[in-house]
Amino acid sequence: MAQIIQRTVLFADLRGSTSLFETLGNAEATAVVTQTVALVRHAVQKAEGRTVKTLGDGLMAVFSDPTQAFEAAVQMHTELDLLMVQGRVRAEQASGPGALKLQVAVSHGEVVEIGGDCFGDAVNVAARLLGHAGDNDTLFTAEARDVLPPALSGRFRSLEGISVRGRVEPVRVYAMQRNLAGDAAATQFGSESFPSPEPDGIRLIWLDLDRMFDTKLMPIVLGRSVQAAFCITDGRVSRQHARIDWQSGQFSLTDLSFNGSYVRFSGSSEVMALRRTSCTLHGSGVIGLGSSPVQLDTPVVRFEILHFADTQAQD
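For the structure given in this document, a descriptive report is provided here. (Residues numbered from 1 in each chain as written. Predicted model: local features only at pLDDT ≥ 70, side-chain atom pairs only at ≥ 80, totals over all residues. Heavy atoms only, no water.)

**A short note on the overall build of the chain**
Assigned secondary structure in the chain consists of 9 helices and 19 strands. When the 315 residues of the chain are sorted by exposure, 50% land in the buried category. Considering only intrachain contacts with a sequence separation of at least 6, the fraction spanning at least 24 residues in the chain is 60%. Carbon and sulfur atoms make up 50% of the accessible area of the chain, which amounts to about 15,500 Å² in all. (Helix = DSSP H or I, 4+ residues; strand = E, 2+ residues; numbered from the N terminus. Buried < 20%, exposed > 50% of the residue type's maximum accessible area, 1.4 Å probe, protein only. Contact = heavy atoms within 4.5 Å. Areas by Shrake-Rupley, 256 points an atom, 1.4 Å probe, with all protein chains shown as cover.)

Set out below in structure tokens:
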């Protein structure tokens, strides 16, 4: 019998398993992925949620309220961090491009429960929002974030409205601060924090458009939309093509597009391809939007990480 009820919907997806199989081999990679998915399911259960279904290397779960989903998401990321730090995955996999990454998307609203499965707008939004999450991102819709207790809702940063298939208006989205999920691993093993000079801003250049953004202006969206913080009026660029975030003292670039974003750092010939994934920006380089920056017709944005102290006159 169908039942219409308010629920918080969570989708989680584990990425990087394909590279893991290539690097570790079938037996070891299967054990790692199976263990990680089990940890994700355990986080749902621990937060008093219900796993509705497993989806490849991920799952869909429902909770009575967003606070439970928040707790589950934090637990998922923490368990994955600990798994990496404790060495159950080879060290080179913990930080390299083949590392396992977890994306989480959460929405809140009416769902239709039929035979243990769930349907409705809240389900569709969470499922499609997952594709906009970068590496180890947790995204909440405004409807889910706004009903969290103040102590939790304040731990999110607002993203610009994201266009989701099936919705006429952009969906207001918030990203959970990553350090909530990452601090536990460092604390567990007694890691010490050593001060290091953090960047003060980032400079972006496309044709005659030359702008500097300090960390307080993050996140910023690169795209064709006039609402994008860095608007690139080129038909080959998606309306919301990529997003630059400031987290844990670093700038990161997350691809939001269909055709991908491509990064090449100065002094290197290697091009890093991002497809709904993220990378840390350092030094300077170029970002190709939709295709590699080595192709002559690619819309290319130059970037430079700024340390304002370095530019001040010395006595």
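Structure shown, so let's carry the discussion forward.
**A few points about the sheet that holds strand S9 (residues 201-206)**
Strand order in the open sheet formed by 6 strands is S10-S9-S19-S18-S15-S16, with antiparallel pairing between adjacent strands. Edge positions in the sheet fall to strand S10 (209-214) and strand S16 (272-274), since each of these pairs with one other strand and no more. Taken over all neighbouring pairs, the strand axes of this sheet differ in orientation by 25 degrees on average, direction set aside. Direction of pairing for S9 relative to S10: antiparallel, over a ladder of 6 bridges. Each residue of the ladder has a partner; that of isoleucine 205, found in S10, is aspartate 210. (Pairing = 2+ DSSP bridges. Axes fitted to C-alpha atoms, helices over the stretch in contact; angles between N-to-C directions.)

**Focus: the pattern of salt bridges**
Tallied over the entire structure, the rule returns 12 salt bridges. Among the ionic pairs, aspartate 137 bridges to arginine 243, the shortest N-O distance being 2.8 Å. Of this pair, aspartate 137 sits in the loop between helix H5 (121-129) and strand S6 (138-141) while arginine 243 is found in strand S13 (residues 242-247), placing the two residues 106 residues apart along the sequence. Here aspartate 137 falls in the buried class, since its relative accessible area comes to 5%. Note that arginine 145 is salt-bridged to aspartate 146, the shortest N-O span being 3.2 Å. One network of salt bridges, with partners in common, ties together Asp137, Arg157, Arg243 and Asp245. (Salt bridge = Lys/Arg side-chain N within 4 Å of Asp/Glu carboxyl O.)

**Some points on the packing of aromatic side chains**
Centre distance and the angle of the planes are the two values used to describe a pair of aromatic rings. Counted by the stated rule, this structure contains 5 aromatic pairs. An aromatic cluster is defined as three or more aromatic residues linked by ring pairs; in this entry it consists of Phe70, Phe140 and Phe156. The ring of tyrosine 174 has arginine 145 sitting right over it, with the charged end atom 4.4 Å from the ring centre. (Phe/Tyr/Trp six-rings, centres within 6.5 Å; stacked < 30°, edge-to-face > 60°. Lys NZ or Arg CZ within 6 Å of the ring centre and 35° of its normal.)

**Focus: the nonpolar core**
Ranked by internal contacts, the top residues of the largest apolar core, which has 36 residues, are Leu10, Ala12, Phe63, Phe70, Met76, Leu102 and Val104. Contributing elements (two or more residues each) for this core: strand S1 (3-15), helix H1 (17-24), helix H2 (26-46), strand S3 (58-63), helix H3 (66-85), strand S4 (101-114), helix H6 (142-145) and strand S8 (171-176). Tallying contributions element by element places H3 first for this core, with 8 residues. Not counting residues up to four positions away in its chain, the partners in contact with leucine 10 are Leu59, Met60, Ala61, Phe63, Ala69, Met76, Val104, Ala105 and Val106. (Core = buried A, V, L, I, M, F, W, Y, C linked by side-chain atoms within 4.5 Å.)

**Examining the environment of isoleucine 5**
Tracing the sequence through the fold places isoleucine 5 in strand S1. Residue isoleucine 5 is classed as partly exposed on the basis of its relative accessible area of 21%. Along the backbone, isoleucine 5 and serine 64 are 59 residues apart, and their C-alpha atoms lie at a distance of 9.5 Å. If we skip the residues at most four places from it in the chain, isoleucine 5 touches Gly109, Glu110, Val111 and Glu113.

**Here's the deal with the pairing of S8**
Here S8 lies mainly inside the structure; 5 of its 6 residues are buried. Direction of pairing for S6 relative to S8: antiparallel, over a ladder of 3 bridges. Opposite threonine 141, over in S8, you have valine 173 as the bridge partner.

**Comments concerning unusual backbone geometry**
Residues methionine 218 and proline 219 are joined by a peptide bond in cis, for which omega reads -5 degrees. Of note, proline 219 is situated in the loop between S10 and strand S11 (220-223). Even without a glycine there, the phi angle at glutamate 48 is positive, about 65 degrees. By the secondary structure assignment, glutamate 48 is in the loop between H2 and strand S2 (50-55).

**Focus on H2**
Over its 21 residues, H2 runs 30 Å from end to end, which matches the ideal 30 Å to within 8%, given 1.5 Å per residue. Those residues of H2 lying buried are Ala29, Val32, Val33, Thr36, Val37, Leu39, Val40, Ala43 and Val44. End-on view of H2: buried residues confined to an arc of 150 degrees, all on one side of the axis. Opposite the buried face of H2, by more than 90 degrees, sit the exposed residues Ala27, Gln45 and Lys46. In the segment just after H2, glutamate 48 is the residue with positive phi, at about 65 degrees. (Expected span 1.5 Å × (residues − 1). Arc of directions from axis to C-beta.)

**Points about the pairing of S4**
Every regular strand shows the same layout, with side chains that alternate between the two sheet faces. In terms of residue burial, S4 counts as a mostly covered element, since 11 of its 14 residues are buried. As judged from the 13 bridges shared by S1 and S4, these two strands associate in the antiparallel manner. Looking across to S4, one finds that arginine 15 is bridged to lysine 101. Where S4 lies against S6, 3 bridges are found, and the strand directions are parallel. Paired with valine 104 across the bridge in S6 is threonine 138. Linking S4 to strand S5 (residues 117-119), which pair antiparallel, is a turn of 2 residues; within it glycine 115 sits at a positive phi near 55 degrees.

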